[in-house]
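Structure at a glance
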Amino acid sequence: QQPAPPASPQSSSQASSAAVQPYTPTTSMIDRTAFIADANAIIANSGQIVSLLNFGASTPDSVKVDRINSAIALDRSSGDVTKLRGRVNSAGITNGAYMEAVELAESGVSTISVGVTFIGYWAKNHSRIDDLNLGLGNINEGSNTMLSLVQKINSL
């Protein structure tokens, strides 16, 4: 058998330079207007839920239960956060202000949703006061996260 011919210097340097170059995905531009519109829809939906669950001390339990059931229905129908995540994924964005906005939206929506769930337990069994208080705490925390989202969206 004949030994393989030595690689030419040109092909050898091409191979080594190709091996050390990291892959950089192409990033398309994100549709800022659509992103902001989707974020504002999330903020509005979350605001409606928070508003429904903002009870006064004299609010009768029957009214609270009706408002809780409305909040549960709104919470179940909101899936807009996936649109935001899809927009940044499609644009190849993995960090920065848009990704921070998505993370705030996801955190705020999920925290509010957990709160709605706990408050729903109280609506079915009024002896579960701890669940009501825990849920209201989650609603407050999620509401604060949504305020941070509003600030982030305003800065885009």
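Our structure's up above, just so we're on the same page.
Because the structure is a prediction, the values reported are computed rather than measured.

1. Some points on the overall build of the protein
Counting its secondary structure elements, the protein contains 6 helices and 0 strands. Start at the N end of the protein and walk to the C end: the helices and strands fall as α-α-α-α-α-α. Considering the protein as a whole, with its 156 residues, one finds that 33% of them fall into the buried category. Relative to all contacts within the protein whose residues are 6 or more apart in sequence, the contacts with residues 24 or more apart total 71%.

2. Thoughts on the packing of helix H3 (residues 61–77) against helix H5 (residues 97–124)
Look at H3 against H5: their axes get within 10 Å of each other, and the N-to-C directions meet at 140 degrees. As H3 runs across H5, the sense of the crossing is left-handed. Residues Asp61, Lys64, Val65, Ile68, Ala71, Ile72 and Asp75 of H3 lie in contact with H5, whose contacting residues are Ser113, Val116, Ile119, Gly120, Trp122 and Ala123. Class assignment for the residues of the contact of H3 with H5 results in 8 nonpolar, 2 polar and 3 charged.

3. Topic: the layout of surface pockets
Estimated volume of the largest pocket: approximately 180 Å³. In terms of lining, the largest pocket is formed by Asn69, Ile72, Asp75, Arg76, Ser113, Val116, Thr117, Gly120, Tyr121 and Lys124. Only H3 and H5 provide two or more residues apiece to the lining of the largest pocket. Looking at the lining of the largest pocket, the element that brings in the most residues is H5, giving 6 residues.

4. Looking at the packing of aromatic side chains
The final tally for this structure, using the stated rule, is 2 aromatic pairs. With a centroid separation of 4.9 Å and an interplanar angle of 85 degrees, the aromatic rings of phenylalanine 35 and tyrosine 98 are classed as edge-to-face. Taken together, the residues span a long stretch of sequence, with phenylalanine 35 in helix H2 (residues 32–52) and tyrosine 98 in helix H5 at a distance of 63 residues. Comparing phenylalanine 35 with tyrosine 98, the two get one shared label, buried.

5. Considering empty space enclosed by the protein
All chains considered together, the criterion is met by 1 cavity of 30 Å³ or more. Empty space within the largest cavity amounts to approximately 70 Å³. Lining of the largest cavity is provided by 11 residues; of these, Ile42, Asn45, Ser46, Ser78 and Val109 occupy positions nearest its centre. Those elements giving two or more residues to the lining of the largest cavity turn out to be H2 and H5. When residues of the lining of the largest cavity are assigned to their parent elements, the largest contribution, 4 residues, is made by H2. Its residues assigned to classes, the lining of the largest cavity comprises 5 nonpolar, 4 polar and 2 charged.

Calculation notes
Residues numbered from 1 in each chain as written. Predicted model: local features only at pLDDT ≥ 70, side-chain atom pairs only at ≥ 80, totals over all residues. Heavy atoms only, no water. Helix = DSSP H or I, 4+ residues; strand = E, 2+ residues; numbered from the N terminus. Buried < 20%, exposed > 50% of the residue type's maximum accessible area, 1.4 Å probe, protein only. Contact = heavy atoms within 4.5 Å. Axes fitted to C-alpha atoms, helices over the stretch in contact; angles between N-to-C directions. Left-handed = near helix turned anticlockwise from the far one by under 90°. Nonpolar A, V, L, I, M, F, W, Y, C, P; charged D, E, K, R; others polar. 1 Å grid on protein atoms, 1.4 Å probe; cavity = no way out; pocket = protein on both sides within 12 Å on 5 of 7 lines; lining within 4 Å. Points joined across faces, edges and corners; volume = space filled by probe spheres on them. Phe/Tyr/Trp six-rings, centres within 6.5 Å; stacked < 30°, edge-to-face > 60°.

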